[in-house]
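Here's the letter readout for the chains.
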Amino acid sequence: MTAALVNKAEILRARLAEKRLAVMPGVFDALSARLAREAGHEVIFMSGFAVSAARLGQPDTGLISMGEMLDSLRGVISAAGAVPVLGDGDTGWGNALNVRRTVEEYARAGAAAIMLEDQVTPKKCGHTRGKAVVSRAEAKLKIRAACETRDALRAARAGDILILARTDARAPNGFEDALARCKDFVDEGADIVFLEAPESVEEMKRFCAAIPRPCLANMVHQGKTPVLPPAELQAIGYRLAVYPVAALTATIHALRAAFAALAAGDDAKLPPSLTFPELQDAVGFPAYWDAEKRYAAE
């Protein structure tokens, strides 16, 4: 079976059923997805923060459109091969009806799961200031719309996708409201639940103990949530741990160093990098050359 025919949502369901933590890197384009796959990651997350930064050079403040995210998602999925990709769907770009279309489009693109959050539009990065969320009733209805769309796609054999329901209510409304929203998401049929930015290990434990679905932890260094080792996250009860900007921060650091060295006319200060043959290998020239021979005219 080719990668294009693999049901990646089903692969993700099976992986979550193992009750073993999966560490997900945040990727932002086809190259970063290819490298994450080559590193052996079993699940990949396409981060809205990282895509907004890489594609627009702008902050994660709701500036990026669904069309731009879908375009990036298609490239990430293609480069990821058979590895399931969880796509950041932000707020679904509107109300419950917009959410329905967003889920359909992400499923058609081949995402194994879509993450949908309850922030108001325009949304903001989950670990930055100034967040606001829609009412609990609206948040519940949007996840209902997402889950009903998922079920309709599966019934019609028109696609398969998991719903990752996220709440950002911890900061503006407190932990109890955020936990209540997560329970609502379970009631509506969410496959994975994500309480963004808990502020202590105790809150992380309470969340996982209260939610009978695979739970996701967001590991952002110097964010609001304690950054714990994977083994400890698994012991608490998490099944997914995403590091959404680890690759992006490393990329920005290396680019700044490289551009500064070039601007100073001192290539001796360039950061460690690949040789040109290594670069060719990293982007797939050897496989291309092998295929080229197959179709070479005599």
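Counting restarts for each chain, with residues numbered from 1 along the sequence as it is written. The predicted nature of this model means local features are confined to residues of pLDDT at least 70 and side-chain atom pairs, given and counted, to a pLDDT of 80 or more, with totals for whole chains, interfaces and linings taken over all residues. Water and hydrogen atoms were dropped before computing side-chain values, which therefore reflect all heavy atoms in the structure.

Novice: Before we move on, can you summarise the packing of aromatic side chains with the specific residues and values?
Specialist: Note on ring pairs: Phe, Tyr and Trp rings are taken, using the six-membered ring of Trp, and paired if centres are within 6.5 Å. Classes follow the plane angle, with under 30 degrees stacked, over 60 edge-to-face and the rest tilted. For the coordinates displayed, the defined rule picks out two aromatic pairs. Ring plane angle 50° and centroid distance 6.1 Å describe the contact between phenylalanine 207 and tyrosine 238, whose orientation is recorded as tilted. Of this pair, phenylalanine 207 sits in helix α9 (residues 201-210) while tyrosine 238 is found in the loop between α10 (230-236) and β8 (240-243), placing the two residues 31 residues apart along the sequence. With respect to burial, phenylalanine 207 and tyrosine 238 carry one shared label: buried. Taking 5.3 Å as the distance between ring centres and 35° as the angle between the ring planes, the aromatic pair formed by phenylalanine 285 and tryptophan 289 counts as tilted. Placement of both phenylalanine 285 and tryptophan 289 in helix α13 (residues 285-294) is noted, with a separation of four residues, approximately one turn of the helix. The cut-offs for exposure are 20% and 50% of the maximum accessible area for each residue type, with area from a 1.4 Å probe on protein chains only; residues under the lower value are buried, those over the upper are exposed, and the others partly exposed. Under the relative-accessibility criterion, phenylalanine 285 is labelled partly exposed at 37%. Residue tryptophan 289 is classed as partly exposed on the basis of its relative accessible area, which comes to 36%. Only DSSP runs of H or I covering at least 4 residues are called helices, and only runs of E covering at least 2 are called strands; the numbering of each starts at the N terminus.

Novice: Explain the environment of serine 200 residue by residue, including any values.
Specialist: Relative to the helices and strands, serine 200 is located in the loop between β6 (192-195) and α9. The exposure class assigned to serine 200 is partly exposed, which follows from its relative accessible area of 24%. Each C-alpha atom, one on serine 200 and one on glycine 92, is 29 Å from the other, the two residues being 108 residues apart in sequence.

Novice: Tell me what's going on with the packing of helix α8 (residues 175-188) against α9, and back it up with residues and numbers.
Specialist: At a closest axis distance of 10 Å, the pairing of α8 and α9 adopts a crossing angle of 25°. The angle between the axes of α8 and α9 places the two elements in the roughly parallel class. Viewed along their axes, α8 and α9 form a crossing whose handedness is right-handed. Taken together, the residues of α9 that come into contact with α8 (itself represented by Phe175, Glu176, Leu179, Cys182 and Lys183) are Glu203, Arg206, Phe207 and Ala210. Only the contacting stretch of a helix is used when fitting its axis, a line to C-alpha atoms as for every element, and angles between N-to-C directions run 0 to 180 degrees. Relative orientations are named as follows: roughly parallel for angles under 35 degrees, roughly antiparallel for angles over 145 degrees, roughly perpendicular for angles from 65 to 115 degrees, and oblique for any other angle. When the near helix sits turned anticlockwise from the far one by under a right angle, the crossing is termed left-handed; a clockwise turn instead gives a right-handed crossing. Two residues form a contact once any of their heavy atoms are found within 4.5 Å.

Novice: Describe in detail unusual backbone geometry, supporting the description with residues and values.
Specialist: Following threonine 121, the chain continues into proline 122 via a peptide bond in cis, with omega recorded as 0°. Summarising the element assignment, proline 122 is placed in the loop between β4 (113-117) and α6 (136-155). Of note, lysine 19 is a non-glycine position whose phi angle comes to about 55°, a positive value. When you line up the elements, lysine 19 lands in the loop between α1 (8-17) and β1 (22-27). Look at glutamine 222: it is not a glycine, yet its phi comes out positive at around 70°. Inspection of the secondary structure assignment puts glutamine 222 in the loop between β7 (216-218) and α10.

Novice: Kindly report on the side chain of threonine 167, identifying the contributing residues and their values.
Specialist: Its location among the elements puts threonine 167 in strand β5 (residues 162-167). Residue classification places threonine 167 among the buried residues on the basis of a relative accessible area of 0%.

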